[in-house]
Amino acid sequence: MDEPKPALRKGRAGRPEGRVREPSRAVAYALAFFAAIVALWFVYHAITAIVLLFLALVTSIALSAGVRWMRRHGVPRRIAVIVTLLLFVAAFAAFFVLIVPPLVQQATQFIPEIPRFLAQAVERLASQLGDYPELQQALQGQTGSPGQLPSVIDVIGRLGGASLSLLGFGTLLILYLSAVLYITSDPMPLMRGYVAALPLRHRAAGIRAYRGASRAVVGWIRANVIVGPIEAVASGIFLSLMHVPGAIVWAALAFFAEFVPRIGGYIMAIPPVILALSVDVPTALWTALFYLVLTETLGTFLSPAIRGRQMRIHPAVLLFATLASALAFGLLGALAGTPAAAFAVAYYREFYLKPGPESRARAT
């Protein structure tokens, strides 16, 4: 005898409740799709603010390391925060007062002359290829006349869409400094919100991932602060003695070489080596040798000792992250590429490479 089938419960309208769920699920999917579109639209238009907030967070992480160091030496937290922020603002002001004016002055004189310097470099290189007429003709055919060489302003303009006017740059700078001051002075609301947003079973892993990324960022910034000035001063002195055009400009760029460990020094060496050909070929060879020795010495001995073992990321990954971020978001993206890679690798290691509680339970 067949068992009787349970009757469907009916709602107030006399229709089975099971049939009401299908339209409601479709409406939920449609609302979720619409919300995703709105969220993507918002992120697209607010990406500059998001990257700026991330840079402020990275800076606050580095400043918090100084606050913790002073607290370990008996300084109250409030005084440690005030001293750290004052030193940060003073360093920022000193950079703009002492470094930016001569850099801008030389850049305004140097950039219009770049096509002429490049043409001279090509001519000198072509003269060294007298025994190879095919290479000489190919080189001259690729470059053409000096007037056909692209200007540096055009090349920089193609790097990203974040070309900022002076007023826009000042506004973003004020917002960035304000965010750094607020986050450093009272980071607990953000930390509590971050932990509360994590699912309960992932909170411990999320905290470990954040701490690992923070240690990597602190080591990376410490290496930039110490190694960057060494590279900048050494490059500026050498290029000035060798009479390479734009010595101060290339020295300022050498300061950011440590943003991409091991590879950044070679990338920053390409423009001065090319322009050194406008002087003569031996100058270009000496310039290339100088950058080789400087990059290998600092990258092999000094930088790893400063960064420690926390920034265990392959240089190719950092290079890709920096270039991709620069092409997508301009100068702000170039600055945020390496710390973003540090966060991504830290969370990847914690949530993907490490076995979860269920996997460990099955293994035991």
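Before any of the text, the structure's been laid out above.
Note that the structure is predicted; figures quoted are calculated from it, not measured.

### A look at the layout of surface pockets
Empty pockets left among the atoms are what a rolling probe the size of a water molecule brings to light.
Move 1: Size it by volume and the second largest pocket reaches roughly 840 Å³.
Move 2: Along the walls of the second largest pocket sit 29 residues, with Leu57, Ile61, Met191, Tyr210 and Ser214 positioned nearest its centre.
Move 3: Mapped by element, the contributors of at least two residues to the lining of the second largest pocket are α2 (47-72), α7 (166-185), α8 (188-197) and α9 (203-241).
Move 4: By residue number, the principal contributor to the lining of the second largest pocket is α2, which donates 11 residues.

### Describing the packing of aromatic side chains
Move 1: If you walk through the whole model with that rule in mind, you get 10 aromatic pairs.
Move 2: Arranged with centres 6.1 Å apart and planes meeting at 0 degrees, the rings of tyrosine 347 and phenylalanine 351 form a pair that is stacked. Highlighted residues: tyrosine 347 and phenylalanine 351, both in helix α13 (residues 315-353), separated by 4 residues, approximately one helical turn.
Move 3: An aromatic cluster is present here, built from Phe54, Tyr194, Tyr210 and Phe343 joined pairwise through their rings.

### What to know about empty space enclosed by the protein
Move 1: Tallying each qualifying case throughout the model produces 1 cavity of 30 Å³ or more.
Move 2: Here the largest cavity is characterised by a volume of approximately 50 Å³.
Move 3: Residue lining of the largest cavity: Glu231, Ala257, Glu258, Val260, Pro261, Arg262, Ile263, Gly264, Gly265, Thr295, Leu298 and Gly299, and that is the complete set.
Move 4: Those elements that place two or more of their residues in the lining of the largest cavity are α11 (264-276) and α12 (281-307).
Move 5: Ranked by the residues each element gives to the lining of the largest cavity, the list is headed by α12, at 3 residues.
Move 6: Looking at the lining of the largest cavity residue by residue, the class counts come to 5 nonpolar, 4 polar and 3 charged.

### Let's talk about the side chain of glutamate 231
Move 1: Mapped onto the secondary structure, glutamate 231 falls in helix α9.
Move 2: Of the residues examined, glutamate 231 reaches a relative accessible area of 7% and is grouped as buried.
Move 3: Leave out the neighbours within four places in its chain, and glutamate 231 touches Ala254, Ala257, Glu258, Leu294 and Leu298.

Scoring rules and cut-offs
Residues numbered from 1 in each chain as written. Predicted model: local features only at pLDDT ≥ 70, side-chain atom pairs only at ≥ 80, totals over all residues. Heavy atoms only, no water. 1 Å grid on protein atoms, 1.4 Å probe; cavity = no way out; pocket = protein on both sides within 12 Å on 5 of 7 lines; lining within 4 Å. Points joined across faces, edges and corners; volume = space filled by probe spheres on them. Helix = DSSP H or I, 4+ residues; strand = E, 2+ residues; numbered from the N terminus. Phe/Tyr/Trp six-rings, centres within 6.5 Å; stacked < 30°, edge-to-face > 60°. Nonpolar A, V, L, I, M, F, W, Y, C, P; charged D, E, K, R; others polar. Buried < 20%, exposed > 50% of the residue type's maximum accessible area, 1.4 Å probe, protein only. Contact = heavy atoms within 4.5 Å.

Taken by themselves, the reported measurements are silent on function.
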